[in-house]
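This is what each chain is made of:
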Amino acid sequence: MAWLIAVITTGIAYVVDRGWEDLEDDLWVGPYDALDMFDLASAGLLGGFVAIGWFLGRRGLTITPLVLLIVAISFGREGEPAATAVWWVGTALAGLWAFSYAAGALRSLAQVRSLARASLTERETLIGPNAKNAVTRFFRRRAFLLLSLAALTATAWTITILLFSSERGRQFEGPDGDIVSDLIATVAVAATLLAIAEAVLFFWRLVAVRAAGHDLVWEVPQIEGAAAPYTPIGLRAVIEAEDLRADSCICRTEWSRADPEGEYELSSDDDIPVSDYCPDHGIDRINASTQSEFLAMTHEPWIWDESSVLPQSSNPDAQRTLLYGFAGPSFAGIVLREKSGVVDASSPYADPITMEQPAIRSYDGYHGDYNQAQRPGAGMVDEIDLRPVGYDGSAFRYRHGRAWYESAQSHPEDERER
Ligand SMILES: [Zn+2]
């Protein structure tokens, strides 16, 4: 949206300012000076921003008003008054938009805080090390990105200043070859803006997580009929470390075979993706079990296909997503699961979920029509009713794959026939 303001402003300024047409002739008269470099860099910056600004996401909120401000200042010195006015109006609009967004973010943080206070129970739970490491890792990575941007900014400015000092005073199209310091200056300004935007985002997230109560575990209920069943990717087809002790289990060997370089150091209590051929956790094990054996395994994540949803309890109170560090849209928290009295993330590398994911959208009144994968049409072995074990739907077993879960309310096939 902020980016759109920049694009529209550019469009209007272009239409208003007929000066573009004869700009080329008189702009480069006289020796090259710092202001020329600034003008060229601001034009390059604007072009780049209009082209790719969309991909900056929330960083665009900070960057847009700054880009427009730079262009407005640059233009204001020599451009037509009407066009200059357009740039200033664009700057003001983008600034207002950023401020209203910031105000909205503050408001929603205040809501998260009061919601946290209102729904605080006396219960205490032990939060495992993976969850804390996942949060630390998230912030450490962002800090590294920020430092890299700062280093890039410093380097680009140094090169710009060095180049400029040798190019200053030249004629633009002189015998000494093309001037390049304006290009590096464009990079330097862009890097500066990116670093500022990244810093704003970083500190805002830090403040938000602190303010929302960083040692809380949220139980997010799924609203019946509204929430799309949601399972975080990476949680599935993973077996817990305790299950790996059986001698016949080959999951660990298969996993290290798939990773001969040993890039992922596994400690003894890490979870491991399951092997399809494991006698204990493979597809044959799922399909060879009797229906009652299968019913006893339904809580195991590894029996389900990666694209299937996990079984949904028929008791809505039991369908809760556990979140650690939830602070609203800027940091939606790490998904936890309970395992022998401790709640913890599935791995220290777990990424925080984003608000676009259905579990959190349900909190916002999401009406579940996201692209849920459909189970395969062929190769089915049987359908097992899961209602006897408290889930509201059926399991479908497949000859060459893991099982799929389908809730009783969402039989896509039935709907198509109607
Ligand atoms: Zn295994």
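Within each chain, residue numbers correspond to sequence positions counted from 1 in written order. Side-chain atom pairs in this predicted model are given and counted only at pLDDT of 80 or more, local residue features only at pLDDT of at least 70, and totals for whole chains, interfaces and linings cover all residues. Side-chain numbers come from the whole structure's heavy atoms, not from hydrogens or water.

(A) Representation of the side chain of Asp182. Counting from the N terminus, the helices are DSSP H or I runs at least four residues long and the strands are E runs at least two residues long. Mapped onto the elements of the fold, Asp182 is located in helix α7 (residues 181-212). Only protein chains enter the calculation, and the probe is 1.4 Å; a residue is then buried if its accessible area is under 20% of its type maximum, exposed if over 50%, and partly exposed in between. Relative accessible area serves as the criterion here: at 11%, Asp182 is assigned to the buried category. Non-local contacts of Asp182, meaning those with residues more than four positions away in its chain, are made with Tyr32, Met37, Leu40 and Ala41. Throughout, a residue-residue contact means that at least one pair of heavy atoms, one from each residue, lies within 4.5 Å.

(B) A look at the pattern of salt bridges. Salt bridge, as used here, is a side-chain nitrogen of Lys or Arg placed within 4 Å of a carboxyl oxygen of Asp or Glu. Summed over all chains, the structure comprises 8 salt bridges. Residues Arg375 and Glu406 are paired through a salt bridge, measuring 2.9 Å at the closest nitrogen-oxygen approach. Of the two residues, Arg375 sits in the loop between α11 (358-361) and β8 (380-385) while Glu406 sits in strand β10 (residues 401-407), which places them 31 residues apart along the sequence. On the basis of relative accessible area, Arg375 is assigned to the buried category, the value being 14%.

(C) Highlighting the packing of helix α6 (residues 129-167) against α7. Axis lines are fitted through C-alpha atoms, for helices just across the contact stretch, and the angle between N-to-C directions can take any value from 0 to 180 degrees. Direction vectors running N to C along α6 and α7 enclose 155°, while the axes themselves pass 8 Å from each other. For the element pair α6 / α7, the angle class is roughly antiparallel. Read as a crossing pair, α6 and α7 show a hand that is left-handed. In this classification, the charged set is Asp, Glu, Lys and Arg, the nonpolar set is Ala, Val, Leu, Ile, Met, Phe, Trp, Tyr, Cys and Pro, and all remaining amino acids, among them Gly, are polar. Tallied by class, the residues present in the contact of α6 with α7 amount to 24 nonpolar, 4 polar and 4 charged. Should an angle fall under 35 degrees it is called roughly parallel, over 145 degrees roughly antiparallel, and 65 to 115 degrees roughly perpendicular, with every other angle called oblique. Left-handed describes a crossing whose near helix is turned anticlockwise from the far helix through less than a right angle; right-handed describes the clockwise counterpart.

(D) A look at the sheet that holds β8. With antiparallel pairing, 3 strands are arranged side by side in an open sheet as β8-β9-β10. Since the sheet does not close on itself, it has two edges, and those belong to β8 and β10, each with one partner. Strand after strand, the sheet turns through a mean of 20° between neighbouring axes, direction not considered. Here, a strand pair is defined by DSSP locating no fewer than two bridges between the strands. Bridging between β8 and strand β9 (residues 393-398) involves 5 bridges; their strand directions are antiparallel. Its bridge partner being in β9, Asp385 is matched across the sheet by Ser394.

(E) Highlighting α7. Its 32 residues place the ends of α7 46 Å apart at the C-alpha level, agreeing with the 46 Å of an ideal helix rising 1.5 Å per residue. Following α7 by one or two positions, Gly213 adopts a phi angle in the positive range, close to 100°. By definition here, a helix of n residues has an expected span of 1.5 Å times n minus one.

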